[in-house]
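Residue-level structural notes
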Amino acid sequence: MHEIRIPSYVEMLLRELEKMGHSAYVVGGCVRDSMLGKEPTDWDVCTDATPEQMKIVFRKRKIFETGVQHGTITVRSQGHNVEVTTFRLESDYSDHRHPDQVKFVGRVEEDLSRRDFTINAMAYSPRSGLVDAFDGQTDLARGVVRCVGEPDVRFREDGLRILRALRFAARFQFNIETETAYSIRRNRLLLENISAERIYKELQGILSAEGASDMLLGFPEVLVVIFPEVERLMGEMAEGGRESKWTQSVRAVCGMPRASFGLRLAMLLHELEDAEVHTAMQRLKGDHATDRLVKTIVAELRQPLPDTRPEMRRLIGRLTKPMVHDLLTAQCVVKAVTGQSTDKVREARYLLEEVLDGFAAYTVRDLAVTGAELMGEGIPSGPGLGKVLEQLLREVQDEALKNDKDALLKRAGEIF
Ligand code: ATP
Ligand code: MG
């Protein structure tokens, strides 16, 4: 296990708390990531000081009262924001997602006991060393995600933990401990109580992770709770009859760049009907760009690839250049996982390069003449003007006409 090196802007806060007689630790994700030898994204501090006491300790610093009722204040330190939270217990999750009460407690071990997984339930301070009440260190070394306490109880408190388990396991390529895994399957319907926004965020983490396919194939019943539409893919054989459409879709997901969540999601859903994809995306409430990307890619995958320059220009006009790029990437991956030749995709890529090389018009806005200029030539505004522009665009894309102002004005006069 790697050594935990606390940056000075965090260490200062620990010392300031300790100087006033409080105990203070870094805790959670930053301890886990440090021990794995990964750079933590942020450092969280926990302490026995209450928010009121923290305000006294940090009276000379800029603070933000971000979540005082939950015991959290954000403290500014050397240009960084650090969240400092009072040791606390949570109780009574009557809605399976929000604790009804938080109770401030005096011992760090109590605070660790409310955390979700053993690898996330360790605290550290240079003075006290590692506090590891649930043997997170062993699980970290063995590569295991295990609930703190009784898995059934912990998932019933907060169903989102089901997806968090999958996300951490996918991210570190860990296994999910047997009892925790059984409990995830048993309690999967608890995810129905979780808001779309929170599910969406976890799904992003799972799909973009190194170990996405192990989780998608290992916990298909969990995915079915999020996307009931995919259940039938698990029972349908892909062409060739060697694997299910689901397995094939998961392979396609992993063929996509990890950074593009939209493309990975499109691959996960690409065997569904357009209407099913629409329903699934509506339920997911993702951002607009991802929504459009997924729907477009899935729909366009069924269309034949353009094989002439005019067709390619029209496709760019309809989808935009980056989306055509994405579509070709998707086409290539789908062909590869279904064992088809990718020659046609390669040809389409050349075609795309060729078309992008020349100065071409993809939409009427790219024409070297504007509607106003045509009006200046005596063509009245209205639908007629739009038709003239469309016609000019078609002829430019067909290479029957040069995208050059004089040529366009002359031709507009003829059309009109
Ligand atoms: P990441 O790098 O993904 O942010 P993280 O471990 O920091 O990982 P956070 O969601 O930022 O995860 O939460 C910080 C810590 O708070 C976790 O390590 C865990 O101890 C605790 N925690 C967060 N969410 C939950 C939850 N739903 N149930 C129990 N404990 C949680
Ligand atoms: Mg975090």
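Residues numbered from 1 in each chain as written. Chains lettered and ligands numbered in written order. Predicted model: local features only at pLDDT ≥ 70, side-chain atom pairs only at ≥ 80, totals over all residues. Heavy atoms only, no water.

1. Here's the deal with the domain arrangement of the protein chain
The assigned domain composition of the protein chain is domain 1 (1-142), domain 2 (300-356) and domain 3 (364-415). The interface of domain 2 with domain 3 comprises 4 residues on the first partner and 5 residues on the second. In total, domain 2 and domain 3 occlude about 440 Å² of area from one another, counting both sides; carbon and sulfur atoms represent 31% of this. The three residues of domain 2 that bury the most area against domain 3 are P310, R313 and R314, which together make up 86% of that side's buried surface. The tally of links between domain 2 and domain 3 comes to 3 salt bridges. Across the pair R313 and E399 runs a salt bridge whose closest N-O atoms are separated by 2.9 Å. If you look at where domain 2 meets domain 3, you find 5 residue pairs in polar contact (both at pLDDT 80 or more). Looking at the side of domain 2 that touches domain 3 residue by residue, the classes come out as 1 nonpolar, no polar and 3 charged. (Domains from an automatic or database assignment. Contact = heavy atoms within 4.5 Å. Buried area = accessible area lost by both parts, 1.4 Å probe. Salt bridge = Lys/Arg side-chain N within 4 Å of Asp/Glu carboxyl O. Polar contact = N/O pair within 3.5 Å; in protein donor to acceptor, adjacent residues only side chain to side chain. Nonpolar A, V, L, I, M, F, W, Y, C, P; charged D, E, K, R; others polar.)

2. Side note on the site of ligand 1
Surveying the vicinity of ligand 1 reveals 13 residues, the closest of which are R32, D158, R161, R167 and R171. At 3.2 Å from a nitrogen atom of ligand 1 is found a main-chain nitrogen or oxygen belonging to D116. In this structure, a nitrogen atom belonging to ligand 1 sits 2.8 Å away from a side-chain N or O atom of D158. Per element, the largest residue contribution to the shell around ligand 1 is 5 residues, and it comes from helix 7 (residues 160-172). Each residue belonging to the shell around ligand 1 can be placed in one class, and the counts come to 1 nonpolar, 3 polar and 9 charged. (Near = heavy atom within 4 Å. Helix = DSSP H or I, 4+ residues; strand = E, 2+ residues; numbered from the N terminus.)

3. A word on the packing of aromatic side chains
Scanning the model with the defined rule gives 5 aromatic pairs in all. Between F172 and F174 the ring centres are 5.5 Å apart and the planes differ by 45°, which places this aromatic pair in the tilted class. Using a relative accessible area of 10% as the deciding quantity, one classes F172 as buried. Pairwise contacts between aromatic rings join F117, F168, F172 and F174 into one cluster. The ring of F168 carries R167 above its face, with NZ or CZ at 4.7 Å from the centroid. (Phe/Tyr/Trp six-rings, centres within 6.5 Å; stacked < 30°, edge-to-face > 60°. Buried < 20%, exposed > 50% of the residue type's maximum accessible area, 1.4 Å probe, protein only. Lys NZ or Arg CZ within 6 Å of the ring centre and 35° of its normal.)

4. A few points about the pattern of salt bridges
Enumeration over the complete set of coordinates arrives at 40 salt bridges. Where D152 meets R186, a salt bridge forms, and the shortest distance between an N and an O atom there is 3.1 Å. Of this pair, D152 sits in helix 6 (residues 151-157) while R186 sits in helix 8 (residues 178-186); the two residues are 34 residues apart in sequence, bridging distant segments of the chain. Bridged by salt links that share partners, the residues R88, E90, D111, R114 and R115 form one connected network.

5. Comments concerning the side chain of D139
Its place among the elements puts D139 in helix 5 (residues 136-142). Apart from residues no more than four positions distant in its own chain, D139 is found in contact with T118, I119, V144, R146 and F174.

6. Comments concerning the sheet that holds strand 3 (residues 63-67)
Spatial strand order, 3-4-5-2-1-8-9: 7 strands in an open sheet with mixed pairing. This sheet does not close on itself; its edge strands, each paired only once, are strand 3 and strand 9 (129-131). Taking the axes of each pair of neighbouring strands and ignoring which way they run, one obtains an average angle of 35° across the sheet. Two elements, strand 4 (residues 72-77) and strand 5 (residues 80-86), share 6 bridges in a ladder whose sense is antiparallel. Bridging across to strand 5, V75 finds its partner in V82. (Pairing = 2+ DSSP bridges. Axes fitted to C-alpha atoms, helices over the stretch in contact; angles between N-to-C directions.)

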